[in-house]
Amino acid sequence: LGACAEVPYYWQAGLGQWEILSKRRPLVEVLSDAAVAPEVKRKLRLIEDVQAFGTAALALPREGHYRTFADLGRPYVAWLVVAAPALSLEAHRFCYPIVGCLGYRGYFARADADALAAELRGQGLDAIVRPVRAYSTLGWFSDPVLNTFLAGDDVLLLGTILHEQAHHRYFLGGATEFNESFAEFVEEEGVRRYLTRPGE
């Protein structure tokens, strides 16, 4: 019965991932498209540059990732549900077949995330829904650059790319705190090194 209850969750995850994959366009094509705004093209070139830097200077992987662009037509790619028992900082864990148990559950539709948060609150947990601009499939697919990456300033964009490249380098199943701390360290140190290169 528990497995049957998970079917709708994995169904929405599959549909959301299919939407992303089906909207991919090669970066070369996007950069040569006259209909694409100059600012979008500038940011895509910046992504190519910082990704090359991450590979050369930080030993981060590059193969196959961020070579395409997908415009989802919305400001966020997904929404995460995070919960904890009332008056506790101990994260409620959600378990998955491949990556183990993590401290969040992601949805491609805000309404689905809100529904789970309400259900968890009904069980006595504190729960929030937070929007996500970027995520990684950890090498299962060739991740595209999403339009959601491009919101915000250049430093945030640089950090996003290095953060996601770090997840591609190493991801420990069931270790949310470690994985995010590792990626955040690589992001902050990588951005610092990128911006303090001679001539920058």
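Report follows, based on the coordinates. (Residues numbered from 1 in each chain as written. Predicted model: local features only at pLDDT ≥ 70, side-chain atom pairs only at ≥ 80, totals over all residues. Heavy atoms only, no water.)

## Brief notes about the sheet that holds strand S8 (residues 145-146)
Judged by pairing direction, the sheet is mixed, and its 3 strands sit side by side in the order S1-S2-S8 without closing on themselves. On the outer flanks of this sheet lie strand S1 (25-26) and S8, each paired with one strand and no other. Examined bridge by bridge, S1 and strand S2 (residues 68-70) share 2 bridges and lie antiparallel to one another. Residue pairing for S2: Arg 25 is matched across the bridge by Phe 69. (Pairing = 2+ DSSP bridges. Helix = DSSP H or I, 4+ residues; strand = E, 2+ residues; numbered from the N terminus.)

## What about the layout of surface pockets?
Counted as a void, the largest pocket has a volume near 1500 Å³. Lining the largest pocket we find 47 residues, and of these Leu 80, Leu 102, Tyr 104, Tyr 135 and Ser 136 sit closest to its centre. Of all the secondary structure elements, the ones that give two or more residues to the lining of the largest pocket are helix H1 (2-22), strand S3 (78-85), strand S6 (105-107), strand S7 (125-132), helix H5 (154-169) and helix H6 (176-195). Within the lining of the largest pocket, the residues separate by chemical class into 27 nonpolar, 11 polar and 9 charged. Here the second largest pocket is characterised by a volume of approximately 290 Å³. Considering the residues around the second largest pocket, the lining is formed by 15 residues, among which Glu 6, Arg 105, Tyr 107, Leu 116 and Glu 119 are closest to the centre. When grouped by side-chain class, the residues that make up the lining of the second largest pocket number 8 nonpolar, 3 polar and 4 charged. (1 Å grid on protein atoms, 1.4 Å probe; cavity = no way out; pocket = protein on both sides within 12 Å on 5 of 7 lines; lining within 4 Å. Points joined across faces, edges and corners; volume = space filled by probe spheres on them. Nonpolar A, V, L, I, M, F, W, Y, C, P; charged D, E, K, R; others polar.)

## As for the nonpolar core
Ranked by internal contacts, the top residues of the largest apolar core, which has 34 residues, are Leu 44, Val 77, Val 145 and Phe 149. When residues of this core are traced back to their parent elements, those giving at least two are helix H2 (27-31), helix H3 (38-58), S2, S3, S8, H5 and H6. Beyond its immediate stretch of four places on either side in the chain, Val 145 contacts Leu 44, Ile 47, Tyr 66, Thr 68, Phe 69, Ala 70 and Leu 150. If you look at the next biggest cluster of nonpolar residues, it comprises 15 residues, including Phe 94, Leu 102, Ala 113 and Ala 127. (Core = buried A, V, L, I, M, F, W, Y, C linked by side-chain atoms within 4.5 Å. Buried < 20%, exposed > 50% of the residue type's maximum accessible area, 1.4 Å probe, protein only. Contact = heavy atoms within 4.5 Å.)

## Let's talk about the side chain of Asn 179
For Asn 179, the position within the fold is in helix H6. Once you skip the residues sitting within four places of it in the chain, Asn 179 turns out to touch His 167, Phe 171 and Leu 172.

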